[in-house]
Amino acid sequence: MHPATEPANVSENERLYAAWRIARAKWELARYAPANLGRDLCEEENGRYCDADHGALMVYFLHPAKDLRELAHKLRTFREEDGTGFTRAAEIVEALEHDAFDLAFKHSGRVRRA
């Protein structure tokens, strides 16, 4: 099999991040398609793309990070997307906090208490 066609060894977080970027790209493509230049998407169509984008982003944020690199990437994405303004920001921050504690205990060799 050619290296470009072999399945990449990616984590679930990387796959979820890619799914969100694809959802975002589809929304951008719809907004800037030649047929839509100079006008907004209709409310229904924009809503579908918005829901897909935000849904995929939430799945990414709420999925546990397997290592510190993945947690750092999620934190950077949260900052870049100005996550503090999200409706579910508290839920995202709680998930990131759980990731941090779980990874800290994993690296310390201690067992985490709930």
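Residues numbered from 1 in each chain as written. Predicted model: local features only at pLDDT ≥ 70, side-chain atom pairs only at ≥ 80, totals over all residues. Heavy atoms only, no water.

### Describing the side chain of T77
Note that T77 resides in helix α3 (residues 68–80). For T77, the contacting residues outside a window of four places in its chain are Y17, W20, L57, Y60 and F61. (Helix = DSSP H or I, 4+ residues; strand = E, 2+ residues; numbered from the N terminus. Contact = heavy atoms within 4.5 Å.)

### Observations concerning helix α1 (residues 12–31)
For α1, built from 20 residues, the straight-helix expectation of 28 Å at 1.5 Å per residue is met to within 8% by its first-to-last C-alpha distance of 29 Å. For α1, the full list of buried residues reads N13, L16, W20, A23, R24, W27 and A30. Viewed along the axis of α1, the buried residues span an arc of 125°, placing them on a single side of the element. The elements touched by buried residues of α1 are α2 (43–62) and α3. (Expected span 1.5 Å × (residues − 1). Buried < 20%, exposed > 50% of the residue type's maximum accessible area, 1.4 Å probe, protein only. Arc of directions from axis to C-beta.)

### Details of helix α4 (residues 89–108)
Relative to the 28 Å expected for 20 residues at 1.5 Å per residue, α4 spans 28 Å between its end C-alpha atoms, a close match to the ideal helical length. Within α4, burial applies to A89, I92, A95, L96, D99, L103 and F105. Each element contacted by the buried residues of α4 is listed here: α2 and α3.

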